[in-house]
Amino acid sequence: MERTAGVVTFRTSCRTLPVLCPECGMPSWRVHGRYSRRLRDAPVGLTPVVIEFVVRRFKCSNSRCAAVTFAEQVEGLTRPHARYTLLLRRMLSSIAMVLAGRPGARLAVLLGMPVAKDVLLGLLHTVPDPPSGLVRVLGVDDFALRKGDSYATLLVDLEARRPLDVLPSRDAEPLASWLAGHPEIEVICRDRAGAYAEGARTGAPQALQVADGWHLWRNLAEAVEKTVGAHHSCIRAALTPTPDLPEPTPTPLVTVESSEPEPDFVPPNGTLDVLGRPRRLVARTTERYEAVQQRLAEGKSLAAIRRELRLDHSTVRRFARAQSLEELLVKATHRTSKLDLYKPYLHQRWREGCHDIPRLHHEIQEQGFTGDVQSVRRYFRPFKKPHSPLPKSPPAPPPPVRTVPKPRRVVRWIMTAPDRLPEADATELKEIRTGCPHLDLTVRHVRDFAAMMRDQNAEALPAWMDRVKADDLPALHSLVKGFHRDLDAVTAAFATDWSSGQVEGHVTRAKLLKRMGFGRAHLPLLRKRILHSP
């Protein structure tokens with residue numbers, strides 16, 4: 001043993017006789033030649049180790065053997081053409097599984113195992129796939145390799161709680177081919193994608209398909225959001241009734257008429273800009289909606305409308321599927337900002353007579369607001385009082401104006417269990433239901449659906465769908481049509497305890513591994529890391 005340049009070198013030789021031929025297994029005593037071989041081994045105390053030994057080449061004594069000569073191998077230490085010992089190879093492969101290329105190479109250098117990133121990736125490619133074994137309950141879901149462009153399918157053994165394979169797309173054919181090799185599968189948990197339903201029917205007709213309950217609830221929430229958007233004008237009418245103002249009384253004070261009337265403070269509804277003018281987004285949305293609907297009435301296809309209006313296909317499809325213009329305007333104008341949480345306080349202070357913008361900004365800063373003063377100034381700009389050279393009579397205090405909740409907030413109220421809904425929110429939801437019969441029916445259907453899921457009452461599902469179809473709720477009608485196309489899987493979701501919740505966790509881990517690769521890893525390498533990472 002010697003140590004030079006920070007590397008420990010062990011020199012040895014083999015003396016075992018006879019040695020078995022790796023091809024035919026015949027023992028041989030005839031040494032044909034010798035040569036020196038160097039192998040890198042696991043470090044000792046963070047110091048790199050090299051094993052240098054003399055290897056003998058033997059001549060096979062079997063005249064029928066294809067191998068005329070062969071080199072001896074040390075069991076547990078060497079393998080043909082390898083430059084690392086088996087121990088070091090396993091250590092580097094483990095680092096590559098967790099950290100892949102550059103991060104793994106940096107860690108290996110710190111641990112006394114200097115290696116190039118490409119070598120780590122090569123070792124990762126050579127790791128054999130874990131055996132899938134017998135699978136009884138399978139979970140299927142997709143994740144994006146490049147969002148909006150390419151996707152992959154993740155297969156998970158729900159009983160063993162481990163990923164089985166990663167398919168190169170989310171089409172029906174790869175899934176059907178994989179399922180054909182596993183006839184023992186009894187249950188397939190999936191979302192409501194049509195490709196997965198077709199692939200499961202083709203590749204595993206004997207298996208019971210179960211639609212995931214979380215996806216069913218999400219589909220219902222999307223339908224409720226469309227319904228709330230279409231009836232948002234009813235919500236405004238229910239929560240902002242027109243007050244009966246008393247007749248003005250004459251006053252002896254001298255007043256000066258202004259050419260510009262003093263605007264009352266009314267919180268903006270999103271259709272006006274900071275100067276009180278109609279927003280260009282509203283006008284553009286209205287123009288596009290009318291153009292798309294007019295061409296649809298003429299019988300033109302979505303592709304033809306896209307080419308004629310020079311819009312994206314998803315935009316044309318969104319305008320074509322909208323139930324009304326109100327639904328689109330609600331999504332376009334009701335957007336969140338840092339100021340939303342503090343608007344009720346600002347409204348109160350403004351009505352109390354505090355119109356000092358820096359002071360208002362300082363007050364909400366003490367409550368946690370992180371925006372600048374300009375955002376507050378832009379919000380109140382349409383409601384600043386006009387300047388008057390002479391004193392005016394004090395105006396009557398304006399009636400209190402309630403802030404109309406945004407559609408997503410109303411959807412959250414509807415989708416929340418009544419016993420978990422705060423009293424203030426429950427009161428506003430009750431007023432909304434009183435003012436809009438359509439939303440009242442929507443709330444009833446949602447709560448009936450939640451009761452079916454909680455009680456696993458699959459027998460009540462057909463009656464629930466019939467009640468929905470009897471009401472004037474187009475968005476929920478589309479949901480029911482989708483349930484009819486996948487009725488067996490939807491019914492099984494109510495009758496069994498299996499779900500894709502575990503698969504969603506593995507999908508989250510797959511996305512993390514994909515981001516750790518910085519987008520440079522192709523699917524084969526990502527597949528290895530998904531299957532082998534702890």
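Look above for the structure.
Source: prediction; values computed, not measured.

*Asks:* Would you explain the overall build of the protein in this entry?
*Replies:* Assigned secondary structure in the protein consists of 22 helices and 12 strands. A total of 534 residues make up the protein; the buried ones form 39% of that total. In the protein, of all internal contacts separated by at least 6 residues, the share reaching a separation of at least 24 is 61%.

*Asks:* Explain the packing of helix α7 (residues 232-239) against helix α16 (residues 423-435) to me, please; I cannot follow it from the model alone.
*Replies:* One can describe the packing of α7 onto α16 by two numbers: an axis separation of 9 Å at closest approach and a directional angle of 115 degrees. Classed by the angle they form, the pair α7 and α16 counts as roughly perpendicular. The crossing of α7 and α16 is right-handed. For the pair α7 and α16, the contacting residues are I235, A238 and L239 in the first and E428, E431, I432 and G435 in the second. Split by residue class, the contact of α7 with α16 holds four nonpolar, one polar and two charged.

*Asks:* Sorry if this is basic, but what is going on with the pattern of salt bridges here?
*Replies:* Two side chains bearing opposite charge may form a pair once their charged atoms approach each other closely. Applying the stated criterion across every chain, the model contains 24 salt bridges. With its nearest N and O atoms 2.7 Å apart, the salt bridge here joins R136 to E159. Taken together, the positions of R136 in the loop between α3 (117-126) and β8 (137-146) and E159 in the loop between β9 (150-157) and β10 (162-167) put the pair 23 residues apart, joining distant regions of the chain. For E159, a relative accessible area of 42% translates into the label partly exposed. With a shortest N-O distance of 2.9 Å, K300 and E308 are connected by a salt bridge. Residue classification places K300 among the partly exposed residues on the basis of a relative accessible area of 32%. The exposure class assigned to E308 is partly exposed, which follows from its relative accessible area of 40%. Residues joined by salt bridges that share partners form a network here, namely D129, D165, R527 and K528.

*Asks:* When you look at the nonpolar core in this model, what are you seeing that I'm missing?
*Replies:* Side chains of a nonpolar character, in soluble globular proteins, are inclined to be buried together. With 55 residues, the main nonpolar core has F143 and W464 as its most contacted residues. Non-local contacts of F143, meaning those with residues more than four positions away in its chain, are made with Y151, A152, L154, V166, V507, A510, K511, L526 and I530.

*Asks:* Please clarify how the pairing of β9 should be interpreted in this entry.
*Replies:* Extensive coverage of β9 is indicated by the burial of seven of its eight residues. Note: β8 against β9, eight bridges, orientation antiparallel. What sits directly across from V140, in β9, is L155. With five bridges joining them, β9 and β10 adopt antiparallel strand pairing. Paired with V156 across the two strands is P163, which belongs to β10.

*Asks:* What exactly am I supposed to notice about the packing of aromatic side chains here?
*Replies:* Where two aromatic rings form a pair, the distance of their centres and the angle of their planes describe that pair. On inspection of all chains with the given rule, the structure shows seven aromatic pairs. Pairing Y342 with F369 gives two aromatic rings, centres 5.5 Å apart and planes at 75 degrees, and the pair type is edge-to-face. Of the two residues, Y342 is situated in the loop between α11 (325-333) and α12 (343-351) and F369 in the loop between α13 (357-366) and α14 (373-380); the sequence distance between them amounts to 27 residues. For Y342, a relative accessible area of 9% puts it in the buried group. Residue classification places F369 among the buried residues on the basis of a relative accessible area of 5%. Relative to F494, the ring of F449 has its centre 5.5 Å away and its plane inclined at 85 degrees; by these criteria the two rings are edge-to-face. One end of the pair, F449, is in helix α17 (residues 437-455); the other, F494, is in helix α20 (residues 487-495), and 45 residues separate them in sequence. Judged by relative accessible area, which is 0%, F449 ranks as buried. Using a relative accessible area of 2% as the deciding quantity, one classes F494 as buried. The side chain of R170 reaches across the aromatic face of Y151, ending 3.6 Å from its centre.

*Asks:* Mind showing me how you'd approach the sheet that holds β8 here?
*Replies:* Whenever strands of a sheet pair, they do so through backbone hydrogen bonds, lying parallel or antiparallel. Taken in spatial order, the five strands make up an open sheet running β10-β9-β8-β11-β12, and their pairing is mixed. Each end of this open sheet is capped by a strand with a single partner; those strands are β10 and β12 (208-211). Sheet twist, expressed as the mean angle between neighbouring strand axes with direction ignored, is 30 degrees. Where strand β11 (residues 187-190) meets β12, four bridges bridge the pair, whose relative direction is parallel. Opposite V187, over in β12, you have L208 as the bridge partner. Most of the contacts of α20 go to β12, to which it runs at about 70 degrees, and overall it touches β11 and β12.

What counts and what doesn't
- Residues numbered from 1 in each chain as written.
- Predicted model: local features only at pLDDT ≥ 70, side-chain atom pairs only at ≥ 80, totals over all residues.
- Heavy atoms only, no water.
- Helix = DSSP H or I, 4+ residues; strand = E, 2+ residues; numbered from the N terminus.
- Buried < 20%, exposed > 50% of the residue type's maximum accessible area, 1.4 Å probe, protein only.
- Contact = heavy atoms within 4.5 Å.
- Axes fitted to C-alpha atoms, helices over the stretch in contact; angles between N-to-C directions.
- Parallel < 35°, antiparallel > 145°, perpendicular 65-115°, else oblique.
- Left-handed = near helix turned anticlockwise from the far one by under 90°.
- Nonpolar A, V, L, I, M, F, W, Y, C, P; charged D, E, K, R; others polar.
- Salt bridge = Lys/Arg side-chain N within 4 Å of Asp/Glu carboxyl O.
- Core = buried A, V, L, I, M, F, W, Y, C linked by side-chain atoms within 4.5 Å.
- Pairing = 2+ DSSP bridges.
- Phe/Tyr/Trp six-rings, centres within 6.5 Å; stacked < 30°, edge-to-face > 60°.
- Lys NZ or Arg CZ within 6 Å of the ring centre and 35° of its normal.

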